[in-house]
Amino acid sequence: MSSISVVVLLLIVLQWAGRGLPSSVRPICDPRVLDRFIMEARDTETALRGCKAGCGVTGTFVVPLTNVDFVVWEKKDTGLQALEVQSGLSLFGQALGAVRESVSRAAVQILIDNNKSNIHSLGQVLRSLHIQDLSLPPAPAVGDSVTRKVSSLSELLRVHTNFLRGKVRLLLTNAPACQQNST
């Protein structure tokens, strides 16, 4: 066999196997992915509920509201829903970063790091659904209609879990890319 034939045969095999060619990012529509993030957030919340020593979180944190008016939510454009979710995830990322710097226990730091990593991963999931990483406005001011303040680690983690179970789940469940895949 000539070397050209070998190269052609190799290219055919690689193309057939799907290797060697860049693949587009496929939407991540499996609800078990979000369920895993929710479970890990809930586990962190449970593990740190009574944490006092080494969990000296000082200050207050701005977090998104978790309540959802379903009628209003369904009337919102997907882009506005995505902006609300991404803004909320950004606020949680900032709050968890501040918490990470203030706690001294290594086990707590690992749990916080895991939750921060999951927030980053959720951003990747949103991108896979072709929900653009919208340029986020500056963090909303405390007391506006979409945020509130929390002052304890257990409250921060509870709100985080509820946000994932509520607005994030609604956005991912109704993402256009997932609706196209289900038909």
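Residues numbered from 1 in each chain as written. Predicted model: local features only at pLDDT ≥ 70, side-chain atom pairs only at ≥ 80, totals over all residues. Heavy atoms only, no water.

### Quick notes on the overall build of the chain
Counted only if it meets this: Segments assigned H or I by DSSP are reported as helices when at least four residues long, segments assigned E as strands when at least two residues long, and all are numbered from the N terminus. When checking whether two residues touch, look at their non-hydrogen atoms; a contact exists if any pair is within 4.5 Å. What sets the accessible areas is the Shrake-Rupley method with a 1.4 Å probe; for residues, cover comes only from the shown protein chains.
Secondary structure assignment for the chain yields seven helices and two strands. Each helix (α) and strand (β) of the chain, taken in turn from the N terminus, gives the series α-α-β-α-α-α-β-α-α. Considering only contacts within the chain whose residues lie at least 6 apart along the sequence, 86% involve residues at least 24 apart. Taken as a whole, the chain presents about 10800 Å² of accessible surface, with 57% of it coming from carbon and sulfur.

### Digging into the packing of helix H4 (residues 78-102) against helix H6 (residues 153-173)
Here is the rule we go by: A fitted line through C-alpha atoms represents every axis, and for helices the fit uses only the stretch in contact; the resulting angles, taken between N-to-C directions, go from 0 to 180 degrees. Note on terminology: angles under 35 degrees are roughly parallel, angles over 145 are roughly antiparallel, angles of 65 to 115 are roughly perpendicular, and the others are oblique. The hand of a helix crossing depends on one turn: near helix anticlockwise from the far one by less than a right angle means left-handed, and clockwise means right-handed.
Viewed as axis vectors pointing N to C, H4 and H6 meet at an angle of 160 degrees, and their least axial separation amounts to 11 Å. In terms of axis orientation, H4 runs roughly antiparallel to H6. Where H4 crosses over H6, the handedness of that crossing is left-handed. Residues Thr78, Gln81, Ala82, Glu84, Val85, Gly88, Leu89, Phe92, Ala95, Leu96 and Val99 of H4 pack against Leu153, Leu156, Leu157, Val159, His160, Phe163, Leu164, Lys167, Val168 and Leu171 of H6.

### Focus on the nonpolar core
Formally: Nine residue types can take part in a nonpolar core, namely buried Ala, Val, Leu, Ile, Met, Phe, Trp, Tyr and Cys, and a core is a set of them joined through side-chain atoms within 4.5 Å. A simple rule labels every residue: compare its accessible area, found with a 1.4 Å probe on the protein chains alone, to the largest value its type can have, and call it buried under 20%, exposed over 50%, or partly exposed in between.
Core analysis: the largest hydrophobic core is formed by 41 residues, its most contacted members being Leu89, Leu153, Leu156 and Val168. Residue assignment for this core shows that the elements contributing at least two residues are helix H2 (31-48), strand E1 (61-64), H4, helix H5 (106-128), H6 and helix H7 (176-181). No other element matches H6, which puts ten residues into this core. Setting aside residues up to four positions removed in sequence, leucine 153 forms contacts with Leu48, Cys55, Val57, Val99 and Ile112.

### Observations concerning the packing of H4 against H5
With their axes 10 Å apart at the nearest point, H4 and H5 run at an angle of 160 degrees to one another. When the axis of H4 is compared with that of H5, the two are roughly antiparallel. For the pair H4 and H5, the crossing hand works out as left-handed. Along the contact surface, H4 presents Val85, Gln86, Leu89, Phe92, Gly93, Leu96, Gly97, Val99 and Arg100, while H5 presents Gln109, Ile112, Asp113, Asn115, Lys116, Ile119, Leu122 and Leu126.

### Re the environment of glutamate 101
Along the chain, glutamate 101 falls in helix H4. Counting along the chain gives 44 residues from glutamate 101 to valine 57, while the straight-line C-alpha distance between them is 9.2 Å.

### Some remarks on the confidence of the model for the chain
It should be kept in mind that the predicted coordinates are not to be read in detail where pLDDT is low. Convention followed: Scored from 0 to 100, pLDDT records how confident the predictor is in each individual residue.
Of the residues in the chain, 73% reach a pLDDT of 70 or more, and the chain-wide mean stands at 79. Confidence drops under a pLDDT of 50 for residues 19-25, and excluding neighbours within four residues, the segment shows four contacts in the predicted structure.

### Points about the pattern of salt bridges
Between side chains of opposite charge, pairing is possible as soon as their charged atoms come close. As a reminder of what qualifies: In what follows, salt bridge is the name for a side-chain nitrogen of Lys or Arg lying within 4 Å of a carboxyl oxygen of Asp or Glu.
With the rule as written, the count across this model stands at nine salt bridges. A salt bridge links arginine 169 to aspartate 35; its shortest N-O distance comes to 2.7 Å. Separated by 134 residues along the polypeptide, arginine 169 in helix H6 and aspartate 35 in helix H2 bring together distant segments of the chain. Linking glutamate 40 and arginine 36 is a salt bridge whose minimum nitrogen-to-oxygen distance equals 3.1 Å. Of this pair, glutamate 40 and arginine 36 both sit in helix H2, four residues apart, which is roughly one turn of that helix. Arginine 36 sits in the partly exposed class, given a relative accessible area of 40%.

### Things to note about the environment of leucine 65
Structurally, leucine 65 can be placed in the loop between E1 and helix H3 (70-75). Note on leucine 65: relative accessible area 23%, which makes it partly exposed. As for leucine 65 and lysine 149, which are separated by 84 residues in sequence, their C-alpha atoms are 9.5 Å apart.

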